[in-house]
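One letter stands for each residue in the lines below.
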Amino acid sequence: MTRRQASSPLDRPLERLLSSREVVIACGPGGVGKTTTAAAIAATMSVRSAAKVLVLTVDPARRLADALGVEGIGNTATLVPAAAFAAAGVRQKGQLWAAMLDTKESWDALVRRHAPDASTAARIFANPIYQNVTGRFAQSHEYIAMERLYEIHAEGAYDLVVVDTPPTRDALDFLDAPGRMADFFGSGLLRWLVAPSRSRLVSLASRPFYQVADRILGTQFLGDVAEFFLLFQSMYDGFVTRARSVGALLGEARTTFMLVTTLETVPSLEATRFAAALAERQLHLGLLVVNKVLPASFADPAAVAVAESLQGDPVGIAGALLAALPDGLAGASRVQVARVLEEVGRSFASVGLVASRQAELLAEMSGAHEVTATVPHLAADVVDLRGLLEIGRHVLDGTGT
Amino acid sequence: MTVSGLLDRRLLFVTGKGGVGKTTVAAALGMLAASRGRRVLVCEVEPKGDVAAAYECPPAGFVPREVSPRLHVMEMDTEASLREYLRLNLRVPTIGRIGPVARAFDFVANAAPGVREILTVGKLCYEVREDHYDLVVVDAAATGHIVGQLAAPVGINELVKVGAVRSQTRWMLEILEDPRSTGVCIVTTPEEMPVNEAIDLAGRLEGETGVHLAALVANRVMPELFSRGEEEIFAALADVQATAALASAVGGAPASAFQEVLEAAALAVRIRRTGAGHLERLRVAVAAAQPLVYVPYLFARADGARAVRQVADSLGEELGE
Ligand SMILES: Nc1ncnc2c1ncn2[C@@H]1O[C@H](COP(=O)(O)OP(=O)(O)OP(=O)(O)O)[C@@H](O)[C@H]1O
Ligand SMILES: Nc1ncnc2c1ncn2[C@@H]1O[C@H](COP(=O)(O)OP(=O)(O)O)[C@@H](O)[C@H]1O
Ligand SMILES: [Mg+2]
Ligand SMILES: [Mg+2]
């Protein structure tokens, strides 16, 4: 990668960090802004450094996907035109590429790579269990995202790859996905199920599991299950080796994690647990981004006092206000103005409750981990490059605690 | 159909994107129905103990526990469900023999589609069929998984050509596909992605699962601050001169503090407006024939029984008698 110019400010440690890494994995609880933040830092790095940057998104909102040009393009990466950046008022030093994760396509590619021959691959594709499994396999989605990342990284076409992660029930799931995938196909139980007879169910039929299962599920279904496992068994070595390499990439010095969270009870708890899990696994947490933060003004005692007095004597204040304004206020009566003032005060007080809870959670979190950036709660959704670059600026310039 | 019959159903699945308030709404619906005299079971499908926590009770297991008059809580456990099923239907005698089966089951259930799901849905339908409760409220899987779960009986019918499970799916489908007995309640927040998922699910639900949509709940809705005329007044306040006049009208605080308060209100107004736009999309896409039920944003701490009661109260008002 073309190193950043000497003119680059040295007081931007996060930008420096990203320039020295090849892979950033955006993770965190669902709905907090992982996809947005991943796209944001990728876009911002493509502006600030002469690097070829790829963002691999999993589930962008429709309008964001449109803005990146990844709507319905599957696994192929596409260049976000420099003109789009120009329209947002900036010149890029590098390039931004975007791709979307296509789970089914990725699974098929994986099978094609590891199947001993084309006919085995064809039988796997035709197996009804496989057809269902690609969508629902335990941790299949998480694993496939990591697998794609590995593939892209191995191709070496990009200076920086920022990868978004799927919404999981538990953010930890995907950290364990490669290991679990290897365990799954290497497990003793699987061997026990399929090993005794390489292709027939005959000897299995004597096992109590099959006797019961057969009564519940029927032979044909069990046959499909057994065939599926047998076929996968043929890919075992390649598959497990691969899963281990994918797992290893997470721990490499070229990889860093960006943990994104909001300051709500459940997400921030989950984020704290996740940060601890990264540390435990000796994975590098480069950025801890706290998103959707309400403005600090909610905690300003002067503002709090103002909000209280607006609720305390709205009619009196409205009268004094109208008396001081010779042209009046949008032609409103004293009663109308009083209602608006009271409502302003009440809204400040109630949103202020949320803000003070946010402040508590932020203090707690920054006690345990270094929060590298806080991103304000924007009034509108982030759906274009302009919005992404604004988020990216907050993240990379490190307005953290 | 109006929402008023919502609690007259026998089986309600509460779903929505992760974190929108499925558990809170399911717990509140259960509380509301019990307070109106129904025998209720609230079942948490992903056993995290969140439903029990919402009622501030110790975690429940697979065996339902009464947490307040008429209100029962259980956590789904597919292995226990399998055991119960085997005991009831196949007369497989001892737990001992099921031990290794359960281990192998766990393994197959992870990979084979529909096995876990059918045991979940089967248990819920069983409780309805046996009339143990008037209403079973399910804190169900999130939007991404609910179709797979509800479609399991149909799917098993296609995958499994013979066997006991196949013959079992028929009575389940009768319960699930009858809109008078079963319905899905989709919860969303006034945000882009949750609304997208709600629209997507509403469009696929009936076709792919045969189960009907019963209600849409918009949770965490911020209050409308101003009427149209009032918004003009509010906008006029932001004018420098007006803000300064306001400061001297109150006295004692700097104009900057007033500006902060006005800006904060403006942020609240704009966030609300963004959210209202998403709810409008939802209304246009699905809610035309299906009323939206609103639950306000709880600004004070929103966890635990007090919050659930507040949500139950607003649901009660919205649903009517
Ligand atoms: N009306 C409301 N106002 C404010 N906060 C709310 C409201 N409803 C729910 N919450 C809060 O939102 C958070 C998520 O709620 P809940 O656990 O019910 O969601 P969920 O959809 O069940 O989540 P998951 O997908 O993780 O199971 C909780 O902290 C809850 O207290
Ligand atoms: N700082 C922010 N202010 C306001 N809205 C935001 C902010 N960050 C993200 N959003 C919005 O929040 C929603 C969820 O973001 P997304 O990136 O899809 O989350 P995730 O990938 O973690 O599920 C999107 O509609 C996005 O536009
Ligand atoms: Mg996402
Ligand atoms: Mg829940």
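Glancing now at the overall build of chain A. Check the secondary structure of chain A and you find 18 helices and 8 strands. The burial tally for chain A puts 55% of its 401 residues in the buried class. Residue pairs in contact within chain A that sit at least 24 positions apart in sequence constitute 78% of those at least 6 positions apart. About 16100 Å² of surface is accessible on chain A, with carbon and sulfur atoms providing 53% of the total.

The helix and strand tally for chain B stands at 13 helices and 8 strands. Residues classed as buried in chain B amount to 57% of the 321 residues present. Considering only residue pairs separated by 6 or more positions, chain B has 74% of its internal contacts joining residues 24 or more positions apart. Accessible area for chain B stands at about 13000 Å²; split by element, carbon and sulfur atoms hold 52% of it.

Let us now look at the domain arrangement of chain A. Residue and element names in this part refer to chain A. Annotation of chain A at the domain level lists domain 1 (3–294 + 377–400) and domain 2 (298–358). Of the residues lining the interface, 4 residues belong to domain 1; the matching set on domain 2 comes to 5 residues. For the domain 1 and domain 2 pair, buried surface summed over both sides reaches about 380 Å², with 62% attributable to carbon and sulfur atoms. Considering only the side of domain 1, the residues that lose the most area to domain 2 are Leu263, Lys292 and Leu294, jointly responsible for 93% of the buried surface there. Taken together, the links from domain 1 to domain 2 amount to 0 salt bridges. In this structure, the connection of domain 1 to domain 2 is made through 2 residue pairs in polar contact (both at pLDDT 80 or more). Residues belonging to the side of domain 1 that touches domain 2 are distributed by class as follows: 3 nonpolar, no polar and 1 charged.

All names here are of chain B. At a minimum axis separation of 10 Å, helix α6 (residues 143–150) and helix α9 (residues 192–209) run at an interaxial angle of 5°. Put simply, α6 runs roughly parallel to α9. Residue-level inspection shows Thr143, Ile146, Val147 and Leu150 of α6 in contact with α9, the latter providing Glu197, Leu201, Arg204, Leu205, Glu208 and Thr209. Partitioning the contact of α6 with α9 into residue classes produces 5 nonpolar, 2 polar and 3 charged.

Turning our eyes to something else, we now look at the coordination of the magnesium ion (ligand 3). Residue and element names in this part refer to chain A. Bound to the magnesium ion (ligand 3) on the protein side are Thr35 (OG1) and Asp59 (OD), at distances that span 2.1 to 2.2 Å. Placement of the pair is Thr35 in helix α2 (residues 34–48) and Asp59 in the loop between β2 (52–57) and α3 (62–68), with a sequence separation of 24 residues. Look at Thr35 and you get buried, because its relative accessible area is 11%.

Once that is clear, we can look at the side chain of A:Asp164. All names here are of chain A. Here Asp164 is to be found in the loop between β5 (160–163) and α9 (173–186). We note that Asp164 is buried and unpaired, the nearest opposite charge coming from Lys34 at a distance of 5.9 Å. A polar atom in the side chain of Asp164 sits 2.8 Å from the side chain of Thr35. Those residues in contact with Asp164 that lie beyond four places of it in its chain are Ala26, Lys34, Thr35, Ala38, Leu56, Thr57, Val58 and Asp59.

This part covers the sheet that holds strand β3 (residues 78–80) of chain A. Residue and element names in this part refer to chain A. The 8 strands lie next to each other as β3-β4-β2-β5-β1-β6-β7-β8, forming an open sheet whose pairing is mixed. Strands at the two margins of the open sheet, each flanked by one partner only, are β3 and β8 (373–376). Geometrically, the sheet is characterised by an average inter-axis angle of 25° between neighbouring strands, direction not taken into account. Note: strand β7 (residues 285–293) against β8, 3 bridges, orientation parallel.

On to the site of ligand 1. Residues and elements named next belong to chain B. Around ligand 1, the surrounding shell holds 17 residues, and the nearest of these are Lys22, Thr23, Thr24, Asn219 and Ala302. At 3.1 Å from an oxygen atom of ligand 1 is found a side-chain nitrogen or oxygen belonging to Arg220. Across the complex, the protein chains shield 85% of the 640 Å² of accessible surface that ligand 1 would expose by itself. A total of 3 residues in the shell around ligand 1 trace back to one element, the largest contributor, which is helix α1 (residues 22–35). For the shell around ligand 1, a count of residues per class yields 7 nonpolar, 6 polar and 4 charged.

On to the side chain of A:His369. Of note, A:His369 is situated in the loop between α17 (334–368) and β8. Not counting chain neighbours up to four residues away, the residues in contact with A:His369 comprise A:Thr272, A:Ala275, A:Ala276 and A:Leu288.

Taken residue by residue, chain B gives an average pLDDT of 88. The fraction at 70 or more is 88%. Among the prediction metrics, the complex's ipTM stands at 0.88, with pTM recorded as 0.89.

All names here are of chain A. According to the stated counting rule, one finds 33 salt bridges over all chains in the structure shown. The partner of Arg12 in a salt bridge is Glu15, and the shortest N-O contact between them spans 3.4 Å. Arg12 gets classed as partly exposed once you look at its relative accessible area, which sits at 25%. Arg62 is the salt-bridge partner of Glu71, the closest N and O atoms lying 3.4 Å from each other.

The subject of this paragraph is the sheet that holds strand β7 (residues 213–221) of chain B. All names here are of chain B. Spatially, the 8 strands line up as an open sheet ordered β3-β4-β2-β5-β1-β6-β7-β8, and their pairing is mixed. Looking at strand neighbours, the two that pair on one side only are β3 (65–68) and β8 (292–296), the edges of this open sheet. Sheet twist, expressed as the mean angle between neighbouring strand axes with direction ignored, is 25°. Bridge analysis of strand β2 (residues 40–44) against strand β4 (residues 71–75) gives 5 bridges, and the strand direction is parallel. Residue Glu44 lies in a different strand from β4, and its bridge partner there is Glu75. Against the sheet, α6 makes contact with β1 (11–16) and β6 (182–188), and its axis sits at roughly 145° relative to β1, the strand it touches most.

A few words on the packing of aromatic side chains. Residues and elements named next belong to chain A. Inspection of the entire model under this criterion finds 4 aromatic pairs over all chains. Arranged with centres 6.3 Å apart and planes meeting at 65°, the rings of Trp97 and Tyr158 form a pair that is edge-to-face. Of the two residues, Trp97 is situated in strand β4 (residues 95–100) and Tyr158 in the loop between α8 (140–155) and β5; the sequence distance between them amounts to 61 residues. A cation over an aromatic ring shows up here: Lys52 above the ring of Tyr158, its NZ or CZ 5.1 Å from the ring centre.

For the rest of this paragraph, the subject is unusual backbone geometry. As a rule of thumb, non-glycine residues mostly have phi less than zero, and peptide bonds are mostly trans rather than cis. All names here are of chain A. With phi around 60°, Lys292 is a residue other than glycine that occupies positive phi space. Tracing the backbone through its elements, the reader meets Lys292 in strand β7. Judged by its relative accessible area of 25%, Lys292 falls in the partly exposed class. In the Ramachandran plot, Ala330 falls in the positive-phi region, its phi being about 50° despite a non-glycine side chain. As for its placement among the helices and strands, Ala330 is situated in the loop between α16 (314–324) and α17.

Attention shifts here to the site of ligand 2. Neighbouring residues of ligand 2: 18 residues in total, closest A:Lys34, A:Thr35, A:Thr36, A:Asn291 and A:Leu378. Among the chains of the assembly, those with residues near ligand 2 are chains A and B. A:Lys292 places a polar side-chain atom, nitrogen or oxygen, 3.1 Å from an oxygen atom of ligand 2. With the chains in place, 95% of the 570 Å² that ligand 2 exposes on its own is no longer accessible. Here the shell around ligand 2 takes 3 residues from α2(A), the largest share from any one element. By residue class, the composition of the shell around ligand 2 is 8 nonpolar, 6 polar and 4 charged.

What counts and how
- Residues numbered from 1 in each chain as written.
- Chains lettered and ligands numbered in written order.
- Predicted model: local features only at pLDDT ≥ 70, side-chain atom pairs only at ≥ 80, totals over all residues.
- Heavy atoms only, no water.
- Helix = DSSP H or I, 4+ residues; strand = E, 2+ residues; numbered from the N terminus.
- Buried < 20%, exposed > 50% of the residue type's maximum accessible area, 1.4 Å probe, protein only.
- Contact = heavy atoms within 4.5 Å.
- Areas by Shrake-Rupley, 256 points an atom, 1.4 Å probe, with all protein chains shown as cover.
- Domains from an automatic or database assignment.
- Buried area = accessible area lost by both parts, 1.4 Å probe.
- Salt bridge = Lys/Arg side-chain N within 4 Å of Asp/Glu carboxyl O.
- Polar contact = N/O pair within 3.5 Å; in protein donor to acceptor, adjacent residues only side chain to side chain.
- Nonpolar A, V, L, I, M, F, W, Y, C, P; charged D, E, K, R; others polar.
- Axes fitted to C-alpha atoms, helices over the stretch in contact; angles between N-to-C directions.
- Parallel < 35°, antiparallel > 145°, perpendicular 65-115°, else oblique.
- Donors = N, O, S within 2.8 Å, 3.2 Å for Na, K, Ca; no water.
- Lys, Arg positive; Asp, Glu negative; His and termini not counted.
- Pairing = 2+ DSSP bridges.
- Near = heavy atom within 4 Å.
- pLDDT = per-residue confidence, 0-100.
- Phe/Tyr/Trp six-rings, centres within 6.5 Å; stacked < 30°, edge-to-face > 60°.
- Lys NZ or Arg CZ within 6 Å of the ring centre and 35° of its normal.

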